[in-house]
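# Structural overview for review
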Amino acid sequence: MTKRSLWLLLVLVTLLVLFFLSLATNKKVPEIAVNSITGEAIKLYQVKNNFTIINFWATDCPGCIKEMPGLTNVYNQLKGQGLQIIAVSMSYDPPNQVLNFTQKNKIPFPVVLDVDGQIARSFGDIRLTPTSILIDKNGKIIDKVIGELDFNKLNALLKKHLNS
């Protein structure tokens with residue numbers, strides 16, 4: 001191969017990588033209206049929010065249970081600055097367990113039952129918990145975190161987005 005061919009191949013591979021990265025992030029949030037377990041009608045993304053976290057979780061998931069107090073703390077500290085958190089329980093999670101968990105742990109943000117799996121499917125067929133979808137004020141998905149959130153990274157990201 002000549003230098004020119006190698007150069008063109010490198011440029012092509014780089015463009016393909018950038019293209020697929022752009023598909024993975026900066027997607028718009030699916031417009032889905034849902035009801036929380038308290039009966040509140042909400043949309044998964046609302047223009048009034050400066051930042052939204054959609055957290056897919058289950059009551060039998062140790063990582064989910066471990067990160068829930070951190071999500072509660074972040075929400076309580078930053079909800080006045082336009083942070084919204086919506087916890088979406090997985091379709092296999094029994095509704096009575098979700099309700100008991102949220103009441104026992106005094107979850108302050110909306111909790112939604114994904115009884116038919118439609119919400120998980122609309123975000124790329126989420127199956128692993130916890131999974132958090134991070135959404136900026138323009139409704140663009142800026143990250144998908146599979147596994148427990150790193151609250152140091154999350155707080156830095158929120159500081160950037162809530163103060164801009």
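Preceding this paragraph is the structure being described.
To keep things clear, this report deals only with the structure shown in the data block.

The rules behind these values
Residues numbered from 1 in each chain as written. Predicted model: local features only at pLDDT ≥ 70, side-chain atom pairs only at ≥ 80, totals over all residues. Heavy atoms only, no water. Core = buried A, V, L, I, M, F, W, Y, C linked by side-chain atoms within 4.5 Å. Buried < 20%, exposed > 50% of the residue type's maximum accessible area, 1.4 Å probe, protein only. Helix = DSSP H or I, 4+ residues; strand = E, 2+ residues; numbered from the N terminus. Contact = heavy atoms within 4.5 Å. Phe/Tyr/Trp six-rings, centres within 6.5 Å; stacked < 30°, edge-to-face > 60°. Pairing = 2+ DSSP bridges. Right-handed = clockwise from strand over helix to strand, strands pointing away.

### Thoughts on the nonpolar core
In summary, soluble globular proteins display a tendency toward joint burial of nonpolar side chains. One finds L44, F56, L83 and F123 to be the most contacted residues of the largest nonpolar core, which totals 44 residues. The element contributing the most residues to this core is helix α2 (residues 62-78), with six residues.

### Thoughts on the side chain of T72
Examined against the element boundaries, T72 turns out to sit in helix α2. With near-sequence residues (within four places) excluded, T72 lies in contact with I107, P108 and F109.

### Some details on the packing of aromatic side chains
The full count for this structure, using the stated rule, is three aromatic pairs. With a centroid separation of 5.8 Å and 65 degrees between ring planes, the pair formed by F56 and F123 is classed as edge-to-face. Pair noted here: F56 is in strand β4 (residues 51-57) and F123 is in the loop between α4 (118-122) and β7 (131-136), with a separation of 67 residues, a long-range link. Across the pair, exposure class does not vary: F56 and F123 are buried alike. Plain terms: the ring middles of W57 and F101 are 5.1 Å apart, the flat faces sit at 45 degrees to each other, and that makes the pair tilted. Here the residue W57 occupies a position in strand β4, and F101 occupies one in helix α3 (residues 95-104), the gap between them amounting to 44 residues. Accessibility assignment for this pair places W57 and F101 in one class, buried.

### Examining the pairing of β7
In terms of residue burial, β7 counts as a mostly covered element, since six of its six residues are buried. Of the two faces of β7, the one carrying T131, I133 and I135 and the one carrying S132, L134 and D136 are both buried. Alignment of β4 against β7, held across six bridges, turns out to be antiparallel. Each bridged residue has a counterpart across the sheet, and for I54 the counterpart in β7 is I133.

### Points about the pairing of β4
With seven of its seven residues buried, β4 lies for the most part within the structure. Burial along β4 is two-sided: the face carrying F51, I53, N55 and W57 and the face carrying T52, I54 and F56 are both buried. Looking at chain direction, β4 and strand β5 (residues 83-89) are connected through seven bridges and run parallel. Looking across to β5, one finds that F56 is bridged to V88. With α2 bridging β4 and the parallel β5, this β-α-β connection has right-handed handedness.

### Thoughts on unusual backbone geometry
The linkage connecting T129 with the following residue, P130, adopts the cis geometry, with an omega of -10 degrees. Tracing the backbone shows P130 in the loop between α4 and β7. The backbone of K106 sits at a positive phi, close to 50 degrees, despite the residue not being glycine. Within the fold, K106 resides in the loop between α3 and β6 (111-113). The backbone phi angle of D125 is positive, close to 60 degrees, even though this residue is not glycine. Exposure remark for D125: the relative accessible area of 35% places this residue in the partly exposed category.

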